[in-house]
Amino acid sequence: MSARENITLRVEKILKNMSNPGVGTVSRNFFDFEKLAITQFPAILILPTTETREDISMSERQGTMTINLRCFVRGESIDTLRNDIVRNIEETIETERALDNTASADGTHVVEAEVVEIQVIERNPPIGEVTVVLEVTYIYKRGNA
């Protein structure tokens, strides 16, 4: 499995275990948020996007991957609900900032994640959306990305 896949799976697992507020849906597969049941909110769609890579030695490279978390909330106080999910994601990622400090079978290690941007998307109530942008930096052995 690639380093990108491992990192994305780890982010998914961390988000599924969030509480206060907990999430109803966390997925890497596209879903129609307008068709979700009330119990499936808040919902998070994980979208790995761009990545930059550079050599740091003859055998290792460093990658910096961006992951967009599209977060959908539903209720009366949309702004409060968006703020709550952002706070919870940020606190959860901060707690798990070192997603993996040990070298794995594919040689990936020193994985760090941080929230670098928040984008509010205007939607008609009772749905609200906010995108939380994570930046994940990791080091891997050449040929194992």
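In short, a report on the structure.

Each value, and the rule that gives it
Residues numbered from 1 in each chain as written. Predicted model: local features only at pLDDT ≥ 70, side-chain atom pairs only at ≥ 80, totals over all residues. Heavy atoms only, no water. Helix = DSSP H or I, 4+ residues; strand = E, 2+ residues; numbered from the N terminus. Buried < 20%, exposed > 50% of the residue type's maximum accessible area, 1.4 Å probe, protein only. Contact = heavy atoms within 4.5 Å. Areas by Shrake-Rupley, 256 points an atom, 1.4 Å probe, with all protein chains shown as cover. Core = buried A, V, L, I, M, F, W, Y, C linked by side-chain atoms within 4.5 Å. Salt bridge = Lys/Arg side-chain N within 4 Å of Asp/Glu carboxyl O. Phe/Tyr/Trp six-rings, centres within 6.5 Å; stacked < 30°, edge-to-face > 60°. Expected span 1.5 Å × (residues − 1). Arc of directions from axis to C-beta. Pairing = 2+ DSSP bridges.

Focus on the overall build of the protein chain
Tallying secondary structure elements over the protein chain gives two helices and six strands in all. Ordered by position in the sequence, the α and β elements of the protein chain form the string α-β-β-β-α-β-β-β. Evaluated residue by residue, the protein chain yields a buried proportion of 41% over its 145 residues. Taking the intrachain contacts of the protein chain between residues at least 6 apart in sequence as the baseline, contacts between residues at least 24 apart amount to 59%. Accessible surface, the protein chain as shown: approximately 7,700 Å² in total, 46% of it carbon and sulfur.

What about the nonpolar core?
Counting residues in each nonpolar core, the largest one holds 27 residues, and the members touching the most others are Leu15, Ile44, Ile67, Leu69, Cys71, Ile85 and Ile89. It is strand β6 (residues 127–141) that contributes the most residues to this core, six residues altogether. Sequence-distant contacts of Ile85, that is, excluding residues within four places in its chain, are made with Met18, Val23, Pro42, Ile44, Cys71, Val73 and Val130. Counting six residues, the second largest nonpolar core, distinct from the first, contains Phe33, Phe41, Ala43 and Ile127.

Considerations on the pattern of salt bridges
With the rule as written, the count across this model stands at nine salt bridges. The shortest N-O distance in the salt bridge between Glu51 and Arg53 comes to 3.0 Å. Accessibility expressed as a relative area gives 37% for Arg53, which makes it partly exposed. One salt bridge in this structure joins Arg70 and Glu129, with 2.8 Å as the shortest N-O distance. Of the two residues, Arg70 sits in strand β3 (residues 60–74) while Glu129 sits in strand β6, which places them 59 residues apart along the sequence.

Quick look at the packing of aromatic side chains
Within a pair of aromatic rings, the relevant descriptors are the distance that separates the centres and the angle that separates the planes. One pass over the full model with this rule turns up three aromatic pairs. Ring centres of Phe33 and Phe72 lie 4.5 Å apart, and the angle between their planes is 15°; this geometry places the pair in the stacked category. With a gap of 39 residues between them, Phe33 in the loop between β1 (25–27) and β2 (43–55) and Phe72 in strand β3 connect regions that are remote in the sequence. Taken together, Phe31, Phe33 and Phe72 form an aromatic cluster joined through their ring pairs.

Some thoughts on helix α1 (residues 3–16)
In an α-helix, one turn spans 3.6 residues; hence positions three or four apart end up facing the same way. Counted at 1.5 Å a residue, the expected span for α1 with its 14 residues is 20 Å, and the 20 Å between its end C-alpha atoms agrees. All of the buried residues along α1 are Ala3, Ile7, Thr8, Val11, Glu12, Ile14 and Leu15.

Section: the side chain of Thr66
Following the sequence through the fold, Thr66 ends up in strand β3. Excluding residues that lie within four positions of it along the chain, Thr66 makes contacts with Leu47, Pro48, Thr49, Thr50, Val133 and Leu134.

Considering helix α2 (residues 78–95)
Taking 1.5 Å per residue as the helical rise, α2 with its 18 residues ought to reach 26 Å, and the 26 Å between its terminal C-alpha atoms agrees with that figure. Listed as buried for α2 are Ile78, Arg82, Ile85, Val86, Asn88, Ile89, Thr92 and Ile93. Each buried residue of α2 lies within a common arc of 160° when the element is viewed along its axis, so the set occupies one face.

Section: the pairing of β2
Alignment of β1 against β2, held across three bridges, turns out to be parallel. Opposite Val26, over in β2, you have Ile44 as the bridge partner. In this structure, the hairpin formed by β2 and β3 is closed by a connection of four residues.

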